[in-house]
Amino acid sequence: MTTNEAAAYLSGPVGFTLSAKLVRNLRYLNRGPVVEKRGSRLVYRKSALDAFLSENGTDPLVWIQGGWKKVADQLRGIAEATGDTGFDPMIETLDKRGPQDGWDPGQAEK
């Protein structure tokens, strides 16, 4: 199914309408459902969407939190490699945000 159809399918268990943009952005962060390439298109299988829901639950905020950790880790790596401290405020914000929202960084990696 297309990204729009996948968003509609995931919206049912979540309890509100999800946008195709959210589903696409999760894929960009490597946090979304598995996709298959068919010709020049990416498609979602219903079984992959079901597996995604069973592994990650039905809360989109939880889906995204792993992506925030990944972004913070990437910024931390860039800052360490370059010695640039300009990313420190953003890294601190991302690190502080998680636990206050009930985000366990250890769980987000799993």
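The preceding data block contains the structure.
Rules behind the numbers
- Residues numbered from 1 in each chain as written.
- Predicted model: local features only at pLDDT ≥ 70, side-chain atom pairs only at ≥ 80, totals over all residues.
- Heavy atoms only, no water.
- Pairing = 2+ DSSP bridges.
- Helix = DSSP H or I, 4+ residues; strand = E, 2+ residues; numbered from the N terminus.
- Buried < 20%, exposed > 50% of the residue type's maximum accessible area, 1.4 Å probe, protein only.
- Contact = heavy atoms within 4.5 Å.
- Salt bridge = Lys/Arg side-chain N within 4 Å of Asp/Glu carboxyl O.

**Student:** Can you tell me about the pairing of strand 2 (residues 41–44), naming the residues and giving the values?
**Tutor:** Strand direction decides the pairing type here: strand 1 (residues 35–38) and strand 2, joined by four bridges, are antiparallel. The residue bridging E36 from the neighbouring strand is V43, located in strand 2. Once strand 1 ends, the chain turns through two residues before running back antiparallel as strand 2, passing G39 with a positive phi of about 65°.

**Student:** Any details on the environment of K70? Residues and values, ideally.
**Tutor:** Within the secondary structure, K70 is located in helix 4 (residues 60–82). When its relative accessible area of 31% is taken as the criterion, K70 is described as partly exposed. Separated by 39 residues in sequence, K70 and R31 have C-alpha atoms that sit 9.7 Å apart. Among all residues touching K70, those that are not within four sequence positions of it are L29 and N30.

**Student:** Please give an account of the pattern of salt bridges that cites residues and values.
**Tutor:** This model, assessed by the stated rule, comprises four salt bridges. Taking the shortest distance from any N to any O, the salt bridge between R38 and E36 comes out at 3.6 Å. A salt bridge links R45 to E36; the nearest nitrogen and oxygen atoms lie 2.3 Å apart. Judged by relative accessible area, R45 falls into the partly exposed class, the value being 43%. Using a relative accessible area of 27% as the deciding quantity, one classes E36 as partly exposed. Among the charged side chains, a salt-bridge network with shared partners connects E36, R38 and R45.

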